[in-house]
Amino acid sequence: VAAARVEDLTKTYGEGDALVRALDGVTLDLYAGEFTAVMGPSGSGKSTLMHCCAALDSATSGSVLIGEQRLDDLGDKALTRLRRDEIGFVFQSFNLIPTLTAAENILLPLSIAGRKPEPGWYDEVVATVGLGDRLKHKPNELSGGQQQRVAVARALVSRPRIVFADEPTGNLDSRSGAEVLELLRSSVRDHGQTVVMVTHDPVAAAYTDRVVFLADGRVVNELRDPDREHVI
Ligand code: ADP
Ligand code: ADP
């Protein structure tokens, strides 16, 4: 079952001589219950693909479906609801709210939706990201690695159908990186979520079920059940 489909997606920036084709006809099915890595050189379109899939940016042509819903067909209200209820996103720059504590940031998607956390899952997510007493601190009192863990916890805690993560382990040492990857993998294996992660790290990619390689805005290769040797 496809949790999301990308059909002939093109995204350009600028025009004339300054035109950049960030995505150039990407077609991709993202399956329910699968953990996918997106890899490729800097500038190959990975972040643009994540943003278009998560309805944070609109494509120039082609389409994205989340479940049965084609993003082009949705109005602003429906898009807001989709982003809030069905999609989790881990930004490269974290995008935490500076005036809220770590715990409040993690719970924000649920409070906006007027929902209560599932106690077991909240505890598991928070324990895995390992913030301990730092949960009471504001983002500017946390290291980059700790802010990244808050961002990952926030994306997972409402159990969205699909999570897009832009380099979720980019600021972590290898041990905390491994913990975050285990958390992402267990949310796929044990809870049927779909996770799509941009990474440069072959070790991180080896945690996934599938690796999609981008170059110059196109899908150029794909691997299933990668191990480290394959990805390198
Ligand atoms: P990646 O995530 O693989 O590094 P990006 O999706 O960030 O790649 O960028 C793909 C291409 O689009 C690059 O050439 C980049 O410079 C360009 N690009 C991305 N965002 C913008 C923007 N807001 N304005 C102009 N060009 C952009
Ligand atoms: P990490 O490996 O998680 O990135 P660091 O080595 O950067 O952690 O930080 C070490 C310790 O210093 C952490 O316990 C963190 O909470 C604290 N720390 C880092 N940056 C800041 C800051 N700007 N304000 C307060 N504490 C900080």
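Residues numbered from 1 in each chain as written. Chains lettered and ligands numbered in written order. Predicted model: local features only at pLDDT ≥ 70, side-chain atom pairs only at ≥ 80, totals over all residues. Heavy atoms only, no water.

**With respect to the pairing of strand S4 (residues 61-66)**
Reasoning step 1: Here strand S1 (residues 2-13) pairs with S4 via 5 bridges, running antiparallel. Pairing of glutamate 7 across the sheet is with serine 63, part of S4.
Reasoning step 2: Across 2 bridges, the pairing between S4 and strand S5 (residues 69-70) is antiparallel. Bridge pairing in S5 places leucine 65 opposite arginine 70. (Pairing = 2+ DSSP bridges. Helix = DSSP H or I, 4+ residues; strand = E, 2+ residues; numbered from the N terminus.)

**Details of the site of ligand 2**
Reasoning step 1: All residues adjacent to ligand 2 are Arg134, Asn140, Glu141, Ser143, Gly145, Gln146, Arg149 and Asp173.
Reasoning step 2: Separating an oxygen atom of ligand 2 from a side-chain N or O atom of arginine 134 is a distance of 3.2 Å.
Reasoning step 3: In the environment of ligand 2, an oxygen atom lies 2.9 Å from a nitrogen or oxygen atom belonging to the side chain of serine 143.
Reasoning step 4: When ligand 2 is considered free in solution it has 560 Å² of accessible area, and contact with the protein chains removes 43% of it. (Near = heavy atom within 4 Å. Polar contact = N/O pair within 3.5 Å; in protein donor to acceptor, adjacent residues only side chain to side chain. Areas by Shrake-Rupley, 256 points an atom, 1.4 Å probe, with all protein chains shown as cover.)

**Some details on the sheet that holds strand S3 (residues 35-39)**
In any sheet, the strands associate via hydrogen bonds between backbone groups, in a parallel or an antiparallel arrangement.
Reasoning step 1: The sheet built from 6 strands is open, its strands ordered S6-S7-S8-S3-S9-S10 with mixed pairing. Of all the strands in the sheet, just strand S6 (87-90) and strand S10 (218-224) have a single pairing partner and so form its edges. Neighbour to neighbour, the strand axes of the sheet diverge by 15° on average, direction disregarded.
Reasoning step 2: Where S6 lies against strand S7 (residues 162-166), 4 bridges are found, and the strand directions are parallel. Within S7, the position partnered with valine 90 by the bridge is alanine 165. (Axes fitted to C-alpha atoms, helices over the stretch in contact; angles between N-to-C directions.)

**Let's talk about the site of ligand 1**
Reasoning step 1: Neighbouring residues of ligand 1: Tyr13, Val20, Ala22, Pro41, Ser42, Gly43, Ser44, Gly45, Lys46, Ser47 and Thr48.
Reasoning step 2: Between ligand 1 and the protein, one listed contact pairs an oxygen atom with a backbone N or O atom of glycine 43 at 2.7 Å.
Reasoning step 3: At a separation of 2.7 Å, an oxygen atom of ligand 1 approaches a polar side-chain atom of lysine 46.
Reasoning step 4: When ligand 1 is considered free in solution it has 560 Å² of accessible area, and contact with the protein chains removes 57% of it.
Reasoning step 5: The set of elements that each furnish at least two residues to the shell around ligand 1 consists of strand S2 (20-31) and helix H1 (46-53).

**A closer look at the packing of aromatic side chains**
Reasoning step 1: In the structure shown here, the tally under the stated rule is 1 aromatic pair.
Reasoning step 2: Between phenylalanine 89 and phenylalanine 91, the aromatic rings sit 4.6 Å apart at their centres with planes inclined by 45°, giving tilted as the arrangement.
Reasoning step 3: Against the face of tryptophan 121 rests arginine 159, its NZ or CZ located 4.4 Å from the ring centre. (Phe/Tyr/Trp six-rings, centres within 6.5 Å; stacked < 30°, edge-to-face > 60°. Lys NZ or Arg CZ within 6 Å of the ring centre and 35° of its normal.)

**Comments concerning the nonpolar core**
Reasoning step 1: Counting 42 residues, the largest nonpolar core has Phe35, Ile106, Leu156, Leu184, Met197 and Val211 as its most contacted members.
Reasoning step 2: At 7 residues, helix H5 (residues 144-157) tops the list of elements feeding residues into this core.
Reasoning step 3: The residues touching leucine 156, leaving out its near neighbours within four places in the chain, are Trp121, Val125, Val163, Leu183, Leu184, Ser187 and Gln193.
Reasoning step 4: Counting residues in hydrophobic clusters, the runner-up holds 30 residues, among them Leu9, Leu28, Ala54 and Leu71. (Core = buried A, V, L, I, M, F, W, Y, C linked by side-chain atoms within 4.5 Å. Buried < 20%, exposed > 50% of the residue type's maximum accessible area, 1.4 Å probe, protein only. Contact = heavy atoms within 4.5 Å.)

**Comments concerning the sheet that holds S2**
Reasoning step 1: Ordered in space as S2-S1-S4-S5, the 4 strands form an open sheet in which the pairing is antiparallel. Each having just a single partner strand, S2 and S5 make up the two edges of the open sheet.
Reasoning step 2: Against the sheet, H1 contacts S1, S2 and S4, and its axis sits at roughly 120° relative to S1.

Function cannot be inferred from these measures alone, as they are strictly geometric.
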